[in-house]
Amino acid sequence: MPIAFVQEFTIQGGDTSTTNYGAVVSQLNLQEAPDGLLIHTAGFDHDAGVFRIFDVWETREQGDKFVNERLGPIIEPMAAAASQSGDTTFAPPSRETWYELHDSMTG
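So, a few notes on the structure that sits alongside this text. These numbers were taken from a predicted model, which means no experiment stands behind them. (Residues numbered from 1 in each chain as written. Predicted model: local features only at pLDDT ≥ 70, side-chain atom pairs only at ≥ 80, totals over all residues. Heavy atoms only, no water.)

1. Observations concerning the environment of F44
In step 1: Along the chain, the position of F44 falls in strand β2 (residues 37-45).
In step 2: Overall, F44 belongs to the partly exposed group, its relative accessible area being 28%.
In step 3: In this structure the C-alpha to C-alpha distance between F44 and F9, which are 35 residues apart in sequence, comes to 9.3 Å.
In step 4: Sequence-distant contacts of F44, that is, excluding residues within four places in its chain, are made with I11, D15, T16, S17, T18, V50 and F51. (Helix = DSSP H or I, 4+ residues; strand = E, 2+ residues; numbered from the N terminus. Buried < 20%, exposed > 50% of the residue type's maximum accessible area, 1.4 Å probe, protein only. Contact = heavy atoms within 4.5 Å.)

Encoded structure:
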């Protein structure tokens, strides 16, 4: 059964720009979906006050591999540079979780 990966970033001071997301996506430079990724979504949930990334992977192992081998090496230096410069807009997720999906359907 597929597995979901959710990251939520608290909207800070009403800022609904996607500058940080765009910078990470640009660095990833993906030409096609990574192995095992079924769907990637990203957007604002204004009712919850977050920018949410919701991905569905074929397996947890494939998702972990992408996060650890592709995403982490991009985010870690960006976060360190933001921290050193006092930029508080590049914050870690306020929520991050994986869970097995009971059901899924594609159209």
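2. Focus on the packing of aromatic side chains
In this description, an aromatic ring pair is defined by two values, namely the gap between the centres and the angle between the planes.
In step 1: Under the counting rule described, the total for this entry stands at four aromatic pairs.
In step 2: Centre to centre, the rings of W57 and F66 are 5.6 Å apart; their planes meet at 35°, and the pair counts as tilted. Both residues of the pair, W57 and F66, count as buried.
In step 3: An aromatic cluster of at least three residues, connected via ring pairs, comprises Y21, F44 and F51. (Phe/Tyr/Trp six-rings, centres within 6.5 Å; stacked < 30°, edge-to-face > 60°.)

3. Concerning helix α2 (residues 60-85)
Because an α-helix packs 3.6 residues into every turn, residues spaced three or four apart end up facing the same way.
In step 1: Its axis deflected by about 50° at L71, α2 carries its strongest bend there, up to four residues before the proline P73.
In step 2: Listed as buried for α2 are Q62, G63, F66, L71, G72, I74 and A82.
In step 3: Positive phi shows up at G86, right after α2, with a value of about 80°. (Bend = angle between axes of the 7 residues up to and from the residue.)

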